[in-house]
Amino acid sequence: QVQLVESGGGLVQPGGSLRLSCAASGITFSSYQMNWYRQVPGKERELVASITTNGGPIKYADSVKGRFTISRDNAKNMVYLQMNNLKPEDTAVYYCNAVLWDYYWGQGTQVTVSS
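Residues numbered from 1 in each chain as written. Predicted model: local features only at pLDDT ≥ 70, side-chain atom pairs only at ≥ 80, totals over all residues. Heavy atoms only, no water.

**Q** Tell me about the side chain of Thr52, and please be specific about residues and values.
**A** Secondary-structure assignment places Thr52 in the loop between strand E5 (46-51) and strand E6 (58-60). Setting aside chain neighbours within four positions, we find Thr52 in contact with Gln33, Pro57 and Arg72. (Helix = DSSP H or I, 4+ residues; strand = E, 2+ residues; numbered from the N terminus. Contact = heavy atoms within 4.5 Å.)

Structure below.
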């Protein structure tokens, strides 16, 4: 059974930081491209960051470049999203996504940026 479990979300003030984690099981993690998406109610899910199997090349949405960093640890079956200088517009549910010839989603973790 494939599972992607996100953690690390929460409430943070503007300018603050959070680190999201995604633990994968049931897949050959090192073979999968890993992505972080986010979604706001009423809007389409947006690709935030993407990392290939060996850690590169890495892609970011223009809105998060210079503030967010995606990384992975294939030995631990983990992918991370370090989010710095958070803004209110970063408020969303963040989802972990694994892609090969199939794809899987986590359940999401809420990030709220507010003073």
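**Q** Which residues make up the state of the cysteines, and what values go with them?
**A** Simply put, disulfide is the name for a covalent bond between the sulfur atoms of two cysteines. In the structure shown here, the tally under the stated rule is one disulfide. Across the disulfide, Cys22 is cross-linked to Cys96 (sulfur-sulfur distance 2.1 Å). Its torsion about the S-S bond being -80°, the disulfide of Cys22 and Cys96 is classed as left-handed. On the criterion of sequence distance, the pair formed by Cys22 in strand E3 (residues 18-25) and Cys96 in strand E9 (residues 92-99) is long-range, its members being 74 residues apart. On the basis of relative accessibility, which here comes to 0%, the residue Cys22 falls in the buried class. Among the residues examined, Cys96 registers a relative accessible area of 0% and is labelled buried. (Disulfide = S-S within 2.5 Å. Buried < 20%, exposed > 50% of the residue type's maximum accessible area, 1.4 Å probe, protein only.)

**Q** Account for the packing of aromatic side chains, naming residues and giving values.
**A** By convention here, two paired aromatic rings are described through the distance between centres and the angle between planes. Considering all chains together, one arrives at three aromatic pairs under this definition. On the basis of an interplanar angle of 50° and a centroid distance of 6.3 Å, the ring pair of Tyr32 and Tyr104 is categorised as tilted. Here the residue Tyr32 occupies a position in the loop between E3 and strand E4 (33-39), and Tyr104 occupies one in strand E10 (residues 103-105), the gap between them amounting to 72 residues. Relative to Trp105, the ring of Tyr95 lies with its centre 6.4 Å away and its plane at 90°, an arrangement referred to as edge-to-face. In this pair, Tyr95 sits in strand E9 while Trp105 sits in strand E10, placing the two residues ten residues apart along the sequence. Classification of Tyr95 by relative accessible area gives buried; the value is 14%. By the ring-pair criterion, three or more aromatic residues cluster together here, those being Tyr37, Tyr95 and Trp105. Here the guanidinium or amino end of Arg45 rests over the ring plane of Trp105, the centre of that ring lying 4.5 Å away. Directly above the aromatic system of Phe29 lies the positively charged group of Arg72, at a separation of 4.5 Å from the ring centroid. (Phe/Tyr/Trp six-rings, centres within 6.5 Å; stacked < 30°, edge-to-face > 60°. Lys NZ or Arg CZ within 6 Å of the ring centre and 35° of its normal.)

**Q** Explain the environment of Thr52 to me, and be specific about the residues and the numbers.
**A** Taking the relative accessible area as the measure of exposure, Thr52 reaches 19% and is therefore buried. Each C-alpha atom, one on Thr52 and one on Asn85, is 25 Å from the other, the two residues being 33 residues apart in sequence.

**Q** Tell me what's going on with the sheet that holds strand E1 (residues 3-7), and back it up with residues and numbers.
**A** Pairing within the open sheet is antiparallel, and its four strands lie in the order E1-E3-E8-E7. Only two strands of the sheet have a single neighbouring strand rather than two, namely E1 and strand E7 (68-73). Averaged over all neighbouring strand pairs, the angle between strand axes comes to 15°, with direction disregarded. The pairing of E7 with strand E8 (residues 78-83) spans six bridges and is classified as antiparallel. Within E8, the position partnered with Ser71 by the bridge is Tyr80. (Pairing = 2+ DSSP bridges. Axes fitted to C-alpha atoms, helices over the stretch in contact; angles between N-to-C directions.)

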